[in-house]
Amino acid sequence: MPPARIVLWVASVAGLALLARSLLMDPLPMWVAVSSFVAYAALCTVGVLWPQLEMYGDVEWRAEPGAKTVALTFDDGPNPKTTRKVLQILARGSHRATFFVVGRKALAHADVVREIQAAGHEIGVHGHLHDRLYSLKPPKYVAEDIGRAQNAVEQAVGLRPTLFRPPVGYLSSRTAAGAKRAGVRTIAWSARGLDGIGPTDAEKVYARIEKGLTDGAIVLMHDASEHDDFEPASVEALPRILEELDDRGLRAVTVSELLDGDKAG
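Residues numbered from 1 in each chain as written. Predicted model: local features only at pLDDT ≥ 70, side-chain atom pairs only at ≥ 80, totals over all residues. Heavy atoms only, no water.

**A look at the side chain of His-126**
The cut-off we apply is this: Elements are defined by DSSP. Helices are runs of H or I of four residues or more, strands are runs of E of two residues or more, and each kind is numbered from the N terminus. Throughout this description, a polar contact denotes any pair of N or O atoms lying within 3.5 Å of each other; where both atoms belong to protein, one of them has to be capable of donating a hydrogen while the other can accept it, and for residues adjacent in sequence the pair is counted only when both atoms sit in side chains. Whether two residues are in contact is decided by their heavy atoms: any pair within 4.5 Å suffices.
Its location among the elements puts His-126 in the loop between strand 3 (122-125) and helix 6 (139-157). A distance of 3.3 Å separates a polar atom in the side chain of His-126 from a polar atom in the side chain of His-130. Engagement of the side chain of His-126 in a polar contact is seen with the backbone oxygen of Arg-165, the distance being 2.8 Å. Ignoring any residue separated from it by four or fewer positions in sequence, one finds His-126 in contact with Asp-75, Asp-76, Phe-100, Val-101, Val-102, Arg-165, Pro-166, Pro-167 and Val-168.

**A word on the pattern of salt bridges**
Defined as follows: When a carboxyl oxygen of Asp or Glu lies within 4 Å of a side-chain nitrogen of Lys or Arg, that pair is called a salt bridge. Relative accessibility decides the category of a residue: with a 1.4 Å probe and only protein chains considered, values under 20% of the type maximum give buried, values over 50% give exposed, and everything between is partly exposed.
Enumeration over the complete set of coordinates arrives at 17 salt bridges. Residue Asp-75 is joined to Arg-165 by a salt bridge in which the shortest nitrogen-to-oxygen separation is 2.9 Å. Of this pair, Asp-75 sits in strand 1 (residues 69-75) while Arg-165 sits in the loop between strand 4 (163-164) and helix 7 (173-182), and the two are 90 residues apart along the sequence. In this pair, the class of Asp-75 matches that of Arg-165, namely buried. Among the ionic pairs, Glu-231 bridges to Lys-85, the shortest N-O distance being 2.8 Å. One end of the pair, Glu-231, is in the loop between strand 7 (218-222) and helix 9 (233-247); the other, Lys-85, is in helix 3 (residues 82-90), and 146 residues separate them in sequence. Members of the salt-bridge network, linked through shared partners, are Glu-60, Arg-185 and Asp-260.

**Looking at the nonpolar core**
What counts is decided by this rule: The definition of a nonpolar core used throughout is a set of buried Ala, Val, Leu, Ile, Met, Phe, Trp, Tyr and Cys residues joined through side-chain atoms within 4.5 Å.
Leu-72, Phe-74, Phe-99 and Leu-238 are the most contacted members of the largest nonpolar core, which totals 45 residues. The residues contacting Phe-99, other than those within four sequence positions of it, are Phe-74, Thr-83, Val-86, Leu-87, Leu-90, Ile-116, His-121, Glu-122, Ile-123, Gly-124 and Asp-223.

**Here we look at the packing of helix 5 (residues 110-118) against helix 6**
Helix-helix packing is characterised by the crossing angle of the two axes and by the distance between the axes. Stated precisely, the cut-off is as follows: Between N-to-C directions, angles cover 0 to 180 degrees, with each direction set by a line fitted to C-alpha atoms, over the stretch in contact for helices. Here is the rule for angles: anything less than 35 degrees is roughly parallel, anything more than 145 is roughly antiparallel, 65 through 115 is roughly perpendicular, and the remaining ranges are oblique. Three classes are used: nonpolar for Ala, Val, Leu, Ile, Met, Phe, Trp, Tyr, Cys and Pro, charged for Asp, Glu, Lys and Arg, and polar for all others, with Gly counted as polar.
Orientation of helix 5 relative to helix 6, taken along the N-to-C sense of each, is 75°, at an axis distance of 9 Å. Looking at the two axes, helix 5 sits roughly perpendicular to helix 6. On helix 6, the residues that touch Ala-110, Val-113, Arg-114 and Gln-117 of helix 5 are Val-153, Ala-156 and Val-157. Here the contact of helix 5 with helix 6 is built from residues that sort into five nonpolar, one polar and one charged.

**Some thoughts on helix 7**
Since the α-helix packs 3.6 residues into each turn, any two residues three or four apart lie on the same face. Put simply, the test is: The directions considered for the arc are those from the helix axis to the C-beta atoms.
Inspection of helix 7 places Thr-175, Ala-176, Gly-178 and Ala-179 among the buried residues, and these make up the whole buried set. One side of helix 7 carries all its buried residues, which in axial view fall inside an arc of 165°. Every exposed residue of helix 7 that faces more than 90 degrees away from the buried side is listed here: Lys-180 and Arg-181. Tucked inside the fold, the buried residues of helix 7 contact helix 6, strand 4 and strand 5 (185-186). The positive-phi residue at the C-terminal boundary of helix 7 is Gly-183, with phi of around 75°.

Written out as structure tokens, the structure reads:
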């Protein structure tokens, strides 16, 4: 069991013990009760914001080093303009990537989804609606939303994705339960460009990602913006990132190949 999950269980038991003490004996001092509640709420929030801790469910966010490979991943597409730019850049070399597509966009741009697959890249899902309150939704909603996104991809290319990255990247206990119900593998990241919220400088995106370009890394970038209102800086930074991979002797593969090796495909 991941250490963070153990800490959550211990903190939960301790909280129940404090509650029982207050009911059976003298109430706790107000400062103790408030401090305990704030600390527990902070712990729970940290688990949501950093899915790599695996506090609420199993998450895959990097691979064991040794194969000299990394996984480049792109969120929030497809977009006819920016996704195709990414595909053109990737086509210049032998690197492959995984695209976590938004279901409603996959329905609107099925031709782009087919181009992603035809180029030899992998397709995962990033929710159907990209709901920013996803981590607060019940498991049934999450499972159904994932299913709708899977249906959209399957309708376009005939294959049903099994990889899932939560919208906004947050993973609550509800999201984890919904993903488990949907039967998908939840994928996080070990390096990210932070270019999905708004326009930013490509140099800053490159600098953030460059630090995490190590053997076994899963890199989070964007091939489209959530509302298709700007071009993510990852698009401009991508050629330099690929050059850095080549310089370090690393090869970009799909997430499944990174995690499963010869079992992928």
